[in-house]
Amino acid sequence: MSEHDVVTGRAGEQEPPARARRAALPPGVLAPALASLLCVVLTVLTWRAFETTRRGQLVEEAARLGSEGARDRFSDVTSLLLGVVSVPFLVLVVAAAVLVALAQRRWSIAVAAIVVLVGANVTTQVLQASLERPSLGVSSLVMNSFPSGHATVAASIAVTALLVAPVGWRAAIALLGTLVSAALGISTMIGVDTTAWHRGSDVVAAMLIASAWYFLVEAVLAWLTERDGGPGARSRTAGRLVRPVLRVLTVLGGLCGGLGMGALAATALRVPVGTDLGEQVAFAGSVLGVAAVACGLQALMLRLRPHHPAPRTEPV
């Protein structure tokens, strides 16, 4: 056997591991794909815990009754916020997102923005129409409202803004998106008239659905980048605000989550509550829970930096 044959044989022995490494799912694809799956699982668990069990329904009924005090104070604000949400407004947002993406010559993100906005809101409408809330003798409001349509619009707008934003703007957009999705979601829990028509679980599910679509689209975009061998946005600076904003969202989300879980757990142990103070504690727990989910999801999106195909420079 010649020296050339030996070298060739050794090189051939090293090829399978290299091919295996290339065939493995890249972390840039796996992480958002798993995040999307997690959002779906949490949506199902939220439905099961708060919509299909008597104790869960009692907790949310106490929170709904506890929202009356907030409604007396903030009905003007909630009416203004909820009045903005409409089909024409959503169409306007879709057009704006596409224009922002096209201005950066990122055609794939323009398509992705449409997919996220349409996919999230259609999913919510389908679930609202197909799911039935079991009547367990807890409340006279037995019609299904899971997930919240208004909250889905707000959350899908927030995640789409993060999707199309230039990398250096992501931290500021994440903060703004947290405020928008939480504020409008909580507004649906307060309502505008004599009753609130959405529960905390409705809002949390809406946020999870919008986030599931965001992460799914990010996984597809990352796969396209890996397939084409493009550098994507990971090679660019993420902006100076990313770390401090991540800390703020993480600390705030953890604080709200801890207090909210404590309030809801205390309510669950005492249901049916039957006192104004107990109902107000339940409502505060729901509000804090929604705020915690908004902070946590935006922090996760900010941490999983996008890996998008590079901008196209040739004319369309």
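Our structure is the block above this text.
As a convention, each chain's residues are numbered from 1 in the sequence order in which they are written. Note on the predicted model: pLDDT of at least 70 is required for a residue's local features to be given, and 80 or more for side-chain atom pairs to be given and counted; whole-chain, interface and lining totals, by contrast, use all residues. By convention in this description, side-chain values take in all heavy atoms of the structure and omit both hydrogens and water.

Trainee: Provide a residue-level description of the layout of surface pockets, including the pertinent values.
Mentor: Of the volumes computed, that of the largest pocket is approximately 460 Å³. Buried and open spaces are told apart on a 1 Å grid over the protein atoms alone, a cavity being a set of points where a 1.4 Å probe fits but cannot get out and a pocket being an open set with protein on both sides within 12 Å along at least five of seven lines. Residues with an atom within 4 Å of a point are the lining residues. As for the largest pocket, its lining consists of 22 residues, of which Phe50, Val204, Leu264, Gly289 and Val293 are closest to the centre. Only DSSP runs of H or I covering at least 4 residues are called helices, and only runs of E covering at least 2 are called strands; the numbering of each starts at the N terminus. When residues of the lining of the largest pocket are traced back to their parent elements, those giving at least two are α2 (27–51), α3 (54–66), α9 (200–228), α10 (242–270) and α11 (276–303). Element by element, the count of residues in the lining of the largest pocket is highest for α11, at six residues. Three classes are used: nonpolar for Ala, Val, Leu, Ile, Met, Phe, Trp, Tyr, Cys and Pro, charged for Asp, Glu, Lys and Arg, and polar for all others, with Gly counted as polar. Across the lining of the largest pocket, the residue classes tally to 11 nonpolar, nine polar and two charged. Grid points are joined across faces, edges and corners, and a volume is the space filled by probe spheres set on the points. A volume near 290 Å³ is recorded for the second largest pocket. Lining the second largest pocket are 14 residues, with Ser86, Val87, Leu90, Asn121 and Val153 positioned closest to its centre. Residue composition of the lining of the second largest pocket, grouped by class: nine nonpolar, five polar and no charged.

Trainee: Residues and numbers for a nonpolar patch on the surface, please.
Mentor: What goes into a patch is any residue over 30% in relative accessible area without a salt bridge, connected to like charges within 9 Å or, for nonpolar side chains (Val, Leu, Ile, Met, Phe, Trp, Tyr), within 5 Å. Surface accessibility in these figures is a Shrake-Rupley result with a 1.4 Å probe; residues are shielded only by whichever protein chains are displayed. Think of a salt bridge as a Lys or Arg side-chain nitrogen and an Asp or Glu carboxyl oxygen that are within 4 Å of each other. Together, Leu30, Leu34, Leu37, Leu38, Val40, Val41, Leu42, Val44 and Leu45 make up an exposed nonpolar region whose accessible area comes to about 750 Å². Mapped onto the fold, Leu30 is located in helix α2. The rule is simple: take the accessible area with a 1.4 Å probe, protein chains only, and divide by the maximum for that residue type; under 20% is buried, over 50% is exposed, in between is partly exposed. Look at Leu30 and you get partly exposed, because its relative accessible area is 37%.

Trainee: An account of the environment of Phe146 is needed here, citing residue identities and associated values.
Mentor: Examined against the element boundaries, Phe146 turns out to sit in the loop between α6 (107–130) and α7 (149–164). Here the alpha-carbon distance between Phe146 and Glu51, two residues 95 residues apart in the chain, equals 8.4 Å.

Trainee: Help me get a handle on the pattern of salt bridges, residues and values and all.
Mentor: Opposite charge on two side chains lets them pair, provided their charged atoms get close. Counted according to the given criterion, the structure contains two salt bridges. Salt-bridge contacts for Glu51 lead to Arg133; the nearest nitrogen and oxygen are separated by 2.4 Å. Of the two residues, Glu51 sits in helix α2 while Arg133 sits in the loop between α6 and α7, which places them 82 residues apart along the sequence. Judged by its relative accessible area of 0%, Glu51 falls in the buried class.

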